Amino acid sequence: MLDSLNRGGTEVLALDVCRNASANDMELTFVATGGGALEEEFRRSGAEFVRLERRLPVDLDLAARLRRIVEERDVRVVHCHQAVEALHALLATRRTRARCVLSFHLLEADAKNRVALRFVVPRMGMCVAVSHDLLARLETETGYTKRGSFRVVHNGIDARRLRSAGDARALRRELGVEDDALLFGMVGNFYPDGRKDPLTACRALPTLFERVPRARFLFVGARDAAAPRLFDECVRFCRDERIADRVHFLGARADVPEVLTALDVFVLSSRREGFGIAAVEAMLAGVPAVLSDIGPLKEVSGGGRYAQLFACGSAEDLARALMELACDDARRARLAASAREWATSRFSIEAHIESLKSLYEELAGGQRVLQTRSPV
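Since the model is a prediction, treat every value here as computed from it, not as a measurement.

A. Expanded view of the overall build of the protein chain. In terms of helices and strands, the protein chain carries 16 helices and 13 strands. Expected size for 376 residues packed as a compact globule is a radius of gyration near 21 Å; at 21 Å, the protein chain falls within 12% of this value. Projected onto its principal axes, the C-alpha positions of the protein chain cover 65 × 40 × 35 Å. Accessible surface for the protein chain amounts to roughly 15,700 Å². Of this, 46% is attributable to carbon and sulfur atoms. Looking at charge distribution, the protein chain has the averaged site of its 56 positive side-chain charges lying 4 Å from that of its 53 negative ones.

B. Geometry of the pairing of strand 4 (residues 99-104). In terms of residue burial, strand 4 counts as a mostly covered element, since 5 of its 6 residues are buried. In terms of strand pairing, strand 3 (residues 77-80) meets strand 4 through 4 bridges, oriented parallel. Bridge assignment links Cys80 to a residue of strand 4, and that residue is Leu102. Once you follow strand 3 into helix 4 (residues 83-93) and on to strand 4, the crossover reads as right-handed. In terms of strand pairing, strand 4 meets strand 5 (residues 126-129) through 4 bridges, oriented parallel. Residue pairing across strands places Val101 opposite Met126, the latter belonging to strand 5. The parallel pair strand 4 and strand 5, bridged by helix 5 (residues 111-120), forms a crossover whose chirality is right-handed.

C. Inspection of the pattern of salt bridges at higher detail. This structure, assessed with the given rule, holds 33 salt bridges. Put simply, Arg320 and Glu324 hold a salt bridge, and the shortest N to O gap is 2.8 Å. One end of the pair is Arg320 and the other is Glu324, both in helix 14 (residues 315-326) and 4 residues apart, which spans about a single turn. Each of Glu108, Arg137, Glu141, Asp193, Arg195 and Arg272 takes part in salt bridges that share partners, so that together they form one network.

D. Region of interest: the packing of helix 14 against helix 15 (residues 329-346). Contact geometry of helix 14 with helix 15 gives a least axis separation of 6 Å together with a crossing angle of 100°. Between helix 14 and helix 15, the angle falls in the class roughly perpendicular. The segment helix 14 lies against helix 15, with Glu324, Leu325 and Ala326 engaging Asp329, Arg331, Arg332 and Leu335.

E. Up close: the packing of helix 9 (residues 198-211) against helix 14. The interhelical angle for the contact between helix 9 and helix 14, taken along N-to-C directions, is 45°, at an axis separation of 8 Å. By the criterion of interaxial angle, the relationship of helix 9 to helix 14 is oblique. Crossing angle aside, the handedness with which helix 9 passes helix 14 is right-handed. Where helix 9 approaches helix 14, its residues Thr200, Ala201, Arg203, Ala204, Thr207, Leu208 and Arg211 are matched on the opposing element by Ala315, Leu318, Ala319, Leu322 and Met323. By residue class, the composition of the contact of helix 9 with helix 14 is 8 nonpolar, 2 polar and 2 charged.

F. Focus on a positive patch on the surface. Positive charge collects at one region of the surface, where Arg114, Arg118, Lys146 and Arg147 lie side by side. You can call Lys146 exposed: its relative accessible area is 76%.

G. Layout of the packing of aromatic side chains. Per the stated rule, a full pass over the model turns up 13 aromatic pairs. Geometrically, the ring pair formed by Phe275 and Phe347 is edge-to-face, given 5.5 Å between the ring centres and 80° between the ring planes. Note that Phe275 is positioned in the loop between strand 10 (265-268) and helix 12 (277-284) and Phe347 in the loop between helix 15 and helix 16 (349-364), a separation of 72 residues in sequence. No difference in accessibility class separates Phe275 from Phe347, as the two residues are buried.

H. Geometry of a nonpolar patch on the surface. A cluster of nonpolar side chains, namely Val58, Leu60 and Leu91, defines an oily patch on the protein surface of about 260 Å² accessible area. Mapped onto the elements of the fold, Leu91 is located in helix 4. A residue is classified by how much of its surface remains accessible, and Leu91, at 34% relative accessible area, is partly exposed.

I. Focus on the sheet that holds strand 12 (residues 308-310). One open sheet holds the 6 strands; their spatial order is 9-8-7-10-11-12, and the pairing between them is parallel. Sheet topology places strand 9 (247-249) and strand 12 at the edges, where each strand pairs with a single neighbour. Between one strand axis and the next, the sheet turns through 20° on average, direction left out of account. Here helix 14 sits on the sheet and contacts strand 7 (182-187), strand 10, strand 11 (289-292) and strand 12; the angle it forms with strand 12, its principal contact strand, is near 160°.

J. Representation of the environment of Thr261 within the structure. Relative to the assigned elements, Thr261 resides in helix 11 (residues 256-262). The exposure class of Thr261 is partly exposed, given its relative accessible area of 36%. Spatially, the C-alpha atom of Thr261 lies 16 Å from that of Leu250, the residues being 11 residues apart in sequence. Ignoring sequence-local partners within four residues, the contact set of Thr261 consists of Ser164 and Ala168.

K. Structural detail: the nonpolar core. Residues Phe30, Leu102, Phe104 and Phe266 are the most contacted members of the largest nonpolar core, which totals 130 residues. Per-element tally for this core: the top contributor is helix 14, with 8 residues. Excluding residues within four positions of it along the chain, Phe104 makes contact with Leu117, Val121, Cys127, Val128, Ala129, Val130, Leu134, Leu138, Tyr144 and Phe150. Counting 8 residues, the second-largest nonpolar core is a separate cluster that includes Val50, Leu52, Leu66 and Ile69.

Here is what the cut-offs are and how they apply
- Residues numbered from 1 in each chain as written.
- Predicted model: local features only at pLDDT ≥ 70, side-chain atom pairs only at ≥ 80, totals over all residues.
- Heavy atoms only, no water.
- Helix = DSSP H or I, 4+ residues; strand = E, 2+ residues; numbered from the N terminus.
- Rg over C-alpha atoms; globule rule 2.2 N^0.38 Å.
- Areas by Shrake-Rupley, 256 points an atom, 1.4 Å probe, with all protein chains shown as cover.
- Lys, Arg positive; Asp, Glu negative; His and termini not counted.
- Charge placed at Lys NZ, Arg CZ, Asp CG, Glu CD.
- Buried < 20%, exposed > 50% of the residue type's maximum accessible area, 1.4 Å probe, protein only.
- Pairing = 2+ DSSP bridges.
- Right-handed = clockwise from strand over helix to strand, strands pointing away.
- Salt bridge = Lys/Arg side-chain N within 4 Å of Asp/Glu carboxyl O.
- Axes fitted to C-alpha atoms, helices over the stretch in contact; angles between N-to-C directions.
- Parallel < 35°, antiparallel > 145°, perpendicular 65-115°, else oblique.
- Contact = heavy atoms within 4.5 Å.
- Left-handed = near helix turned anticlockwise from the far one by under 90°.
- Nonpolar A, V, L, I, M, F, W, Y, C, P; charged D, E, K, R; others polar.
- Patch = residues over 30% accessible without salt bridge, like charges linked within 9 Å, V, L, I, M, F, W, Y side chains within 5 Å.
- Phe/Tyr/Trp six-rings, centres within 6.5 Å; stacked < 30°, edge-to-face > 60°.
- Core = buried A, V, L, I, M, F, W, Y, C linked by side-chain atoms within 4.5 Å.

Printed below as a string of structure tokens:
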């Protein structure tokens, strides 16, 4: 049950599952309770799409309508991705055969959701952590794992979605970036809590630009209109350091495959991740990646074998890592090729759906599935 269908890692994961469910023998209905930039793509995904509306924090009418969907389709598993939808799923499936699954994509939750999670976790058929690192943190930092059954299911990415049909140089022409420039870039929204830490990336750029005069950098990600401080601070830093002409803030874009195709190096400076979908997308697209050394990004990069790692929060170490790759064309090519092979073997959408099917079949004997979610 989506409060919105805006672009984000979990939203894109759900969309990839919808697009590939039928081809992988999964019968799936997707329920949304709000609109957004991805709504038309969900409608065209091939999965049954149902649009409902949540009007209250606990909406009994919504639960009743969801219950009708469960009963009419003989739904056996309801897959949730946030506390609010898990609560409505429990209400909707009470005294039915359906079991509920709740995925954790991040550890953090506000006070309201922490209260809801304490109620819903013990009542889930299964809880899912999207990485081993996240499961370990859930075990040490919350009481959830003591109340419910947990399992790790890695996220998956549809590599076909990342194939660009456009001109690899089109974005460079749009931005006025020379063909021989080294283009670095980061994809991630400017969340108010700073979880993607774009400011550390900005602080690494003066050193990079001084040592690599042909380097340019771009940020793709939405500016939070309600809390724009982080975005504005990044823009101001680049202006004050007189590098604004070499840094491009592109906002939210629908052409991420074309963006990745244009990049020479992908950067993700996150302080917190549950999994790191953007990093895996870059690896699948054949772009060498520089990642902060937090647990989930170590996990998706094979302990740093398939990406260049830097000390989280250190602009100096990030600048060093960027300069090392900037000066070694052969290493960039080797890293890109090995990372693509690794990510394809471990994090494909097909592998993800097979893991989901095994979980669903364990809970409900392989019957029909209803997947619901809200943005993280």
